[in-house]
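Summary of the model geometry
Chain by chain, the residues run as shown.
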There are 2 protein chains.
Amino acid sequence: MGRDPHRVLDVPPAPPTLADVAAVAGVSRQTVSNALNNPALLRSDTLERVRAAIDQLGYSPNRAARNLRTRASHLIGLRLTPFAEGTANATMDRFVHSLVQASRQAGYHVLLFDGDDPTDPASGYDELVRSTAVDAFVVTDTYRGNPQAAYLEDASVPFVAFGRPWTPAALHPWVDVDGAAGTAAATSHLLDRGHERIAWIGWRKDSPIGEDRRAGWSRTLHARGLPTTGLASRVEDLVTSGREAAGVLLDEAAPTAFVCASDTLAMGVLHQLAERGLRPGHDVAVVGFDDSPVAQVVPGGLTSVRQPLEEVAVQIVQRLGKLIGRRERFGSGALLTPRLVVRGSS
Amino acid sequence: MGRDPHRVLDVPPAPPTLADVAAVAGVSRQTVSNALNNPALLRSDTLERVRAAIDQLGYSPNRAARNLRTRASHLIGLRLTPFAEGTANATMDRFVHSLVQASRQAGYHVLLFDGDDPTDPASGYDELVRSTAVDAFVVTDTYRGNPQAAYLEDASVPFVAFGRPWTPAALHPWVDVDGAAGTAAATSHLLDRGHERIAWIGWRKDSPIGEDRRAGWSRTLHARGLPTTGLASRVEDLVTSGREAAGVLLDEAAPTAFVCASDTLAMGVLHQLAERGLRPGHDVAVVGFDDSPVAQVVPGGLTSVRQPLEEVAVQIVQRLGKLIGRRERFGSGALLTPRLVVRGSS
DNA sequence: GGCGGTGCTTGGATCGATCAAGCGTCGCGA
DNA sequence: TCGCGACGCTTGATCGATCCAAGCACCGCC
C-alpha cells in the first residue's frame, strides 16, 4: 500500500502485494499466505474476508518471489523438434495443445525452447536446468534411441518421455502409444476387406519406433498364415521415398494394399497410385499413421492410425506431478492403444 | 559454498550461486554480477578470472531471483488458439517454431497457455499479467476484430499483434502479412496462364482478413477489365463448405480457375474436382492460401500463398524488445509480402 | 481458577540476484 | 605534499513470498 504516494499517471500501477491484501483485509501477511496455501488453518469468516480483499485488489502472488522461495517454477520445458517442411506429420501441434491443457489443469505452464545447436541433443536443456527455469521436461523426440534421456538421467533432471525407453537400463517414467497395436489393427482391417497381399512401407531399421510399427503388420499377417517376404520396404520418411517404394513394390510384388509407418509415406503411395491411374480405396487400399490434417482433408480421405495424444498428455502430466512433488527418481510407464480412423482410402 | 556440509548423496546438489562464483574467483558478488551484465566495468584480468570461475562451477544465474529483482521474466506469453480438427491450416506450428527461435536470439523464451474458458478472449491473460509471469504477449487470433487487443490495451499490458488492428483507434504495434498482395499474385499467375474466368472462395463478410484477401483477387481482375460478379462465394472455413461452393460455382459460372482464402477451402475445391473427374492443373486450376503441409504433400501439389512467418516472428520480437525495454505505449506496424508457391494445381 | 486448544500476530530469516551508495587506490596537476 | 576525480571493487539494502518459532488473546471445559 502506498509504496509510491506520488505516483505518476504514466507509469502503470505496481501490482498489489501480499502486504497490500493483508492491510485491506485487516489481517497479517502470514494469514493471507495461509489463505492461499493452507486455507484449512483459517476460520471461515476470516478466509472469506481475505478472499474478498484478494478479489477487490485483483491480487495474484508474484511468481518470481514465490519461485525463488519455494525453488520451483511451475513450468514444464518442451523442446521443439526441428520443423520438417514437406511432411504430413503435424503430430506436434495436437500434442502441444493437449499438453498445455493438461498442464494448466495441474497448475503448470509450458515453456517452449529449441536448441541453439540442433545437432546437440542436450543443447538448451542445460541452461534451463542450471538456472532453475523449469521444474521438469517433457522429452518427445525419442525416435533414434533418445540421447537426451541419458543426459537428463545423469544430470538427475526430472523428466517424462513421450516414447518408450529403447535402452533397457533406463528408469525414467514414460508414456507411449502402442504402434504395433495400431498397425495390427490397420492390417486386420485390410484383411477383413478381403486383402491378402498387404505391403509395408516403413522407416529405416535403426528406428525402434519404425520396427515396432512394422511388427504389428508382420505379426498379423503371420497369424493368418500369410507371407510377408518381398512385401516390405524401409525408407526415409519422405513423400518421394514413399512414392518410389510403392512403385517398386507394385511392380515386383503386386500388393493390393499398403500399411505405412507414417502419413507422409502413405501420401507417397497416393502419389504413385495417382500416376498409375489407380484409385485409392478401389484398386489399392492405403493406410497411414498419425491421422494428420493431411489424412483428414485429402480428397477421398486417408485411413490412418490415430494416436490418443490427449490421453498421452494427461498421463505425462500425472507422472510429472509425482516426479516434481516427491524426489522420486524412478517412474512407471504407460502404453496406450491407438485407434484406426477409416476413410476412403481403404 | 558449503551451505550443506553434510550433504546426503541422494539429494541432487544445489546449483551454484553468485556467491559461490564470487568466492572461487576471489571477488565480491556484485563484481560477478557485473561480469555478466556489464562486463565493460571490469578490468580485463578480473573478468577473465570471474569467467573461469563461472565455467568451472557451471554457473547460470537463478532465474527466479533475477526476475524478482528486475521485475521482468524474460518470458513471452502466447495463447494457443483452439485446435481445429479437419482443417488444413497448420500455420500455427510453423509460426510457433519461428517465434521460439526469434525469441531465443533476443534472450526470451515462449510461455504457452490456453484460456480455461475458450469463449472469453481475455481468459488466461489476466492471471499471467498480475502475477508478472510474462513480460509481454504475442496475440495471434485477430481474425474477428480481436477483442483481447482492446482488453490488453486498457490493462496497459505490452503486446504485439500478429495481424493488423481492424479497429482504427488501436495504437499497439503489429506485424501482418499483406493478404491482398498474396491473392493478387495468385490471380496474376492464373491470368498469365491464360485463365479469364477466375472464381473466389473466401470467408464470411465479417472476417476482415477474408475481405482483405478477396480484395487482391477482385482488384487484379478489375485491373484487366475482367468481371467478378457471380464468381465469388463466401462460406465457413471448412473442406465441405469449399466443396459445395465450388460445385455451385462450376454449375452456374463455369470458372476455369479458383483462388481460395485458405488451403482448407482449396482442398474442398479439389474434392469437388475429383468427384467430377476433373484434373486440377489441367482442367481447372486451384490456388490456396497458407502453404500448409497439405498443400505440399497432396498428390499433384497445391499451389498456395506462403506467409513469411519466419520474418513475421523476427519483426514481432523486435517490437517486443522495444516495448519491454522502455515503457513506450505506442508501436509501429509492418506489412510483409507473401510469396506464391506454384505446384501442380495451376 | 487453571488448562488446553484454536486462530491469529509478530518478528525475523531466507531464497539469489541487482541497485545504490560508499570506499580505497592510483595518477595527475597545482 | 595535498586535493581531486576516476576507476574498480565492495557493502548493505531490497525485490515479495514463504517458512519458522514464539507468543498472545480468547474460548470452553473440567
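Here the structure is a predicted model, which means the values were calculated and not measured.

As a further point, take the packing of aromatic side chains. All names here are of chain A. A complete count under the given rule lists 10 aromatic pairs over all chains for this structure. With 4.7 Å between their ring centres and 70° between their planes, Tyr 125 and Phe 137 make a pair best called edge-to-face. Here the residue Tyr 125 occupies a position in helix H6 (residues 125-130), and Phe 137 occupies one in strand E3 (residues 136-139), the gap between them amounting to 12 residues. Of the two residues, Tyr 125 and Phe 137, neither departs from the other in class, the shared state being buried. Taken together through their ring pairs, the aromatic side chains of Phe 113, Tyr 125 and Phe 137 make up a single cluster. Here the guanidinium or amino end of Arg 213 rests over the ring plane of Phe 289, the centre of that ring lying 3.7 Å away.

Now for the sheet that holds strand E12 (residues 339-341) of chain B. All names here are of chain B. Within the open sheet, the six strands sit side by side as E7-E6-E8-E9-E10-E12. Their pairing is mixed. The open sheet terminates on both sides in strands that have one partner only, identified here as strand E7 (232-234) and E12. Recorded for the sheet is a direction-independent mean angle of 20° between the axes of neighbouring strands. For strand E9 (residues 285-289) and strand E10 (residues 303-306), the ladder comprises three bridges, and the chain directions are parallel. Counterpart to Val 287 in the pairing with E10 is Thr 303.

Let us look at the interface of chain A and chain B. Counting from both sides, the interface comprises 58 residues of chain A and, opposite them, 57 residues of chain B. Where chain A abuts chain B, roughly 5,000 Å² becomes buried across the two surfaces, and 63% of that area is made up of carbon and sulfur atoms. Viewed at the interface, chain B and chain A are joined by six salt bridges. Glu 127 of chain A is the salt-bridge partner of Arg 63 of chain B, the closest N and O atoms lying 3.1 Å from each other. Remark: the boundary between chain A and chain B carries 21 residue pairs in polar contact (both at pLDDT 80 or more). Mapped onto the side of chain A that touches chain B, the elements with two or more residues apiece are helix H4 (63-70), helix H5 (91-105), strand E2 (109-113), H6, helix H11 (263-276) and helix H12 (293-297) of chain A. Top contributing element to the side of chain A that touches chain B by residue count: H5 of chain A, with eight residues.

Here the focus is the protein's contact with DNA strand D. As a structural note, the neighbourhood of DNA strand D is formed by 24 residues, with Leu 18 and Arg 69 of chain A together with Ser 28, Thr 46 and Arg 71 of chain B the closest of them. For DNA strand D, a base oxygen lies 3.2 Å from a polar atom in the side chain of Arg 29 of chain B. The contact in question runs from a phosphate oxygen of DNA strand D to an N or O atom on the side chain of Arg 71 of chain B, over 2.5 Å. Taken together, the elements giving at least two residues each to the surface near DNA strand D come down to helix H2 (29-37) and H4 of chain A together with helix H2 (29-37) and helix H4 (63-70) of chain B. A class-by-class count of the residues in the surface near DNA strand D yields eight nonpolar, nine polar and seven charged.

Before going further, it helps to examine the relation of the copies chain A and chain B. Once chain A is rotated about the relating axis by 180° and shifted along it by 0.0 Å, it coincides with chain B to within an RMSD of 0.2 Å. Between the two chains, the operation in question is that of a two-fold axis. Comparing interface residues between copies, 98% of those in chain A also sit at the interface in chain B, which points to an isologous, same-surface contact.

Near DNA strand C you find 27 residues, and of these Thr 31, Thr 46 and Arg 71 of chain A together with Leu 18 and Gln 30 of chain B are the closest. Among all atoms of DNA strand C positioned within 4 Å of the protein, those belonging to sugar or phosphate total 66%. Taking Ser 28 of chain A, its side chain carries an N or O atom lying 2.7 Å from a phosphate oxygen of DNA strand C. One of the backbone nitrogen or oxygen atoms of Asn 62 of chain B is found 3.1 Å away from a phosphate oxygen of DNA strand C. At the level of elements, H2 and H4 of chain A together with H2 and H4 of chain B are the ones that each hand at least two residues to the surface near DNA strand C.

What counts and what doesn't
Residues numbered from 1 in each chain as written. Chains lettered and ligands numbered in written order. Predicted model: local features only at pLDDT ≥ 70, side-chain atom pairs only at ≥ 80, totals over all residues. Heavy atoms only, no water. Phe/Tyr/Trp six-rings, centres within 6.5 Å; stacked < 30°, edge-to-face > 60°. Helix = DSSP H or I, 4+ residues; strand = E, 2+ residues; numbered from the N terminus. Buried < 20%, exposed > 50% of the residue type's maximum accessible area, 1.4 Å probe, protein only. Lys NZ or Arg CZ within 6 Å of the ring centre and 35° of its normal. Pairing = 2+ DSSP bridges. Axes fitted to C-alpha atoms, helices over the stretch in contact; angles between N-to-C directions. Contact = heavy atoms within 4.5 Å. Buried area = accessible area lost by both parts, 1.4 Å probe. Salt bridge = Lys/Arg side-chain N within 4 Å of Asp/Glu carboxyl O. Polar contact = N/O pair within 3.5 Å; in protein donor to acceptor, adjacent residues only side chain to side chain. Near = heavy atom within 4 Å. Nonpolar A, V, L, I, M, F, W, Y, C, P; charged D, E, K, R; others polar. Least-squares fit on C-alpha atoms with pLDDT ≥ 70 in both.

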